[in-house]
Structures are given as C-alpha cells and as structure tokens.
Amino acid sequence: FALAFESTQLIFQHGKFGIHDTTMTATVLKFYIVGLPFYALNKIWTPSFYALDKQKIPVLCSMVAIAFNIIFCLSLVSSYGFKILALGGGLSIMLNSLLQSTLMAKYLGLGWKFFFPLGFFKRVVGGLIGYAVIIGLKEVLPWSNDVIWRQVGLLSVYCAASILFYFLSLLLMGERKTLPFRK
C-alpha cells in the first residue's frame with residue numbers, strides 16, 4: 001500500500017504509460033489491496049465449508065457479497081469513476097469473508113480468540129510499524145523519477161528497512177515463533 005505509486009512507476013511507466021497512468025493505476029491498486037487479506041481468508045473458508053459438507057454457506061455468502069458489490073458500484077461509479085469498482089470488489093470480498101468467518105465460528109463452536117489470537121494483533125502492529133518506516137524513509141530518501149537503477153535501489157531500501165523493523169517489532173513484542181531465524 002505504501003509503495004503502490006513507486007512500484008507501479010518502476011514496472012509500468014515507460015513509453016506511452018505516463019505519470020497520469022501511473023497515478024491512476026496506483027490508486028486502483030490501493031483499493032484492490034484493501035480486499036487482499038480477505039481473498040486469502042476466502043481461499044481458506046470456502047474449501048473448509050465444502051469439506052464439512054456445507055456447500056450452501058459459501059454460495060449464499062457469495063450471493064450476498066455480489067449483491068452488495070453491484071449495489072455499491074452502481075450507486076457510486078457515476079460520482080467516483082472506475083476506482084470505485086476496485087473498492088467495491090475489495091469490500092465485497094471483505095463482506096463475504098466476514099460472513100463466512102462468523103458462520104464458521106458458529107458452526108464449529110469456536111470463539112473469536114481462535115481466529116484472532118494475540119499473535120495476530122502483534123503482526124498487525126508490526127505491519128503498521130513497517131508501513132510507518134516506509135513513509136518515514138520516503139521523507140528522508142525521496143523517490144526519484146529519473147534513473148531506473150536509483151528507483152530499484154530506493155525500492156529495495158524501503159522494503160528491506162520495512163521488513164527489518166517488522167521483525168524487530170515482533171521480537172520486541174515477544175513473538176519469537178513468527179520469526180524465521182528462531183531457535
């Protein structure tokens with residue numbers, strides 16, 4: 001999310017793909033990113049319901065989410081343009097995943113602590129710290145629009161620093177089992 005513009009510019013902004021195209025693509029990418037974690041959850045819940053012989057649940061949840069997406073997008077696309085279509089897709093998969101999560105928790109008799117243990121929130125905090133590091137680094141080491149090798153270097157520095165601070169924050173919060181170098 002923090003590097004949507006930079007990564008889009010580095011990959012696509014060549015030839016006829018200009019700065020305006022980069023800006024618009026990066027904006028849409030940010031809207032799609034909103035739904036990304038929920039796409040992953042959907043990939044877990046849907047087969048799980050099929051394995052439990054409850055195929056109707058993901059189908060009904062999908063129908064509700066699709067109806068929401070159609071209503072949301074049709075009511076706002078004339079005001080906000082094509083970007084709302086990406087946001088609608090992200091919000092509809094979010095709705096679908098939350099519905100399936102709630103029904104799975106109810107069906108299996110599991111509490112929300114099963115789905116959201118303390119480690120989950122530590123990882124969210126670590127991600128927010130990594131995000132803040134990128135935003136801060138972009139102030140100290142501003143993005144370059146000129147040389148591609150400088151862009152690759154800056155993107156590498158942004159990502160490496162973010163990853164480093166993510167894992168350091170997890171270490172400081174006592175989340176050692178998440179770390180790749182644990183004993």
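Preceding this paragraph is the structure being described.
Here's a quick rundown of the structure. (Residues numbered from 1 in each chain as written. Predicted model: local features only at pLDDT ≥ 70, side-chain atom pairs only at ≥ 80, totals over all residues. Heavy atoms only, no water.)

1. Structural notes on the packing of helix H2 (residues 19–51) against helix H4 (residues 83–108)
Helices that pack against each other are described as a pair by the angle of their axes relative to one another and the distance between those axes. Look at H2 against H4: their axes get within 8 Å of each other, and the N-to-C directions meet at 25°. Classified by the angle their axes make, H2 and H4 are roughly parallel. Crossing geometry of H2 relative to H4 is assigned as left-handed. By residue class, the composition of the contact of H2 with H4 is 17 nonpolar, 11 polar and one charged. (Axes fitted to C-alpha atoms, helices over the stretch in contact; angles between N-to-C directions. Helix = DSSP H or I, 4+ residues; strand = E, 2+ residues; numbered from the N terminus. Parallel < 35°, antiparallel > 145°, perpendicular 65-115°, else oblique. Left-handed = near helix turned anticlockwise from the far one by under 90°. Nonpolar A, V, L, I, M, F, W, Y, C, P; charged D, E, K, R; others polar.)

2. Brief notes about the packing of aromatic side chains
Geometry of an aromatic ring pair is reported as the spacing of the ring centres plus the angle between the planes. Tallying each qualifying case throughout the model produces nine aromatic pairs. Considering the side-chain rings of phenylalanine 68 and phenylalanine 72, the 5.5 Å spacing of their centres and the 25° angle between planes classify their relative orientation as stacked. Of this pair, phenylalanine 68 and phenylalanine 72 both sit in helix H3 (residues 56–80), four residues apart, which is roughly one turn of the helix. Classification of phenylalanine 68 as partly exposed rests on a relative accessible area of 30%. Arranged with centres 5.1 Å apart and planes meeting at 80°, the rings of phenylalanine 120 and phenylalanine 121 form a pair that is edge-to-face. (Phe/Tyr/Trp six-rings, centres within 6.5 Å; stacked < 30°, edge-to-face > 60°. Buried < 20%, exposed > 50% of the residue type's maximum accessible area, 1.4 Å probe, protein only.)

3. Here we look at helix H7 (residues 148–172)
Given a rise of 1.5 Å per residue, 25 residues ought to cover 36 Å, and the 36 Å separating the end C-alpha atoms of H7 matches this to within 8%. Within the sequence span of H7, burial applies to Gln151, Leu154, Leu155, Tyr158, Ala161, Ser162, Ser169 and Leu170. On its buried side, H7 packs onto helix H1 (4–12) and helix H6 (118–140). Glycine 174 occupies a position one or two residues after H7 and carries a positive phi of about 80°. (Expected span 1.5 Å × (residues − 1). Contact = heavy atoms within 4.5 Å.)

4. Some thoughts on the pattern of salt bridges
All chains considered together, the criterion is met by three salt bridges. A salt bridge links lysine 122 to glutamate 175; its shortest N-O distance comes to 3.7 Å. Of this pair, lysine 122 sits in helix H6 while glutamate 175 is found in the segment after H7, placing the two residues 53 residues apart along the sequence. Pair check on accessibility: lysine 122 and glutamate 175 agree, each one buried. (Salt bridge = Lys/Arg side-chain N within 4 Å of Asp/Glu carboxyl O.)

5. Some details on the layout of surface pockets
Taken as a whole, the largest pocket holds about 820 Å³ of empty space. Every residue lining the largest pocket is counted, 25 residues in all, and those nearest its centre are Ile33, Val34, Pro37, Phe38 and Val124. Of all the secondary structure elements, the ones that give two or more residues to the lining of the largest pocket are H2, H4, helix H5 (112–115), H6 and H7. For the lining of the largest pocket, the per-class residue count stands at 20 nonpolar, four polar and one charged. (1 Å grid on protein atoms, 1.4 Å probe; cavity = no way out; pocket = protein on both sides within 12 Å on 5 of 7 lines; lining within 4 Å. Points joined across faces, edges and corners; volume = space filled by probe spheres on them.)

6. Here's the deal with the nonpolar core
In this structure, Ala2, Leu3, Leu10, Val133, Ile134, Leu137, Trp143, Leu154, Leu155, Tyr158 and Ala161 together form the largest nonpolar core, which totals 11 residues. Top contributing element to this core by residue count: H7, with four residues. With residues up to four places along the chain from it excluded, the contact list for leucine 155 reads Leu3, Glu6, Ser7, Leu10 and Trp143. By size, the runner-up hydrophobic cluster in this structure holds five residues, among which are Trp45, Phe49, Met104 and Phe115. (Core = buried A, V, L, I, M, F, W, Y, C linked by side-chain atoms within 4.5 Å.)

7. Here's the deal with H6
Under the 1.5 Å per step criterion, the end-to-end length of H6 is 33 Å for 23 residues, consistent within 8% with the ideal 33 Å. Next to the buried residues of H6 lie H7.

8. With respect to the packing of H2 against H3
Between H2 and H3, whose axes approach to 8 Å, the crossing angle comes to 140°. Facing H2, whose interface residues are Thr46, Phe49 and Tyr50, H3 presents Ile57, Pro58 and Val59. Looking at the contact of H2 with H3 residue by residue, the classes come out as five nonpolar, one polar and no charged.

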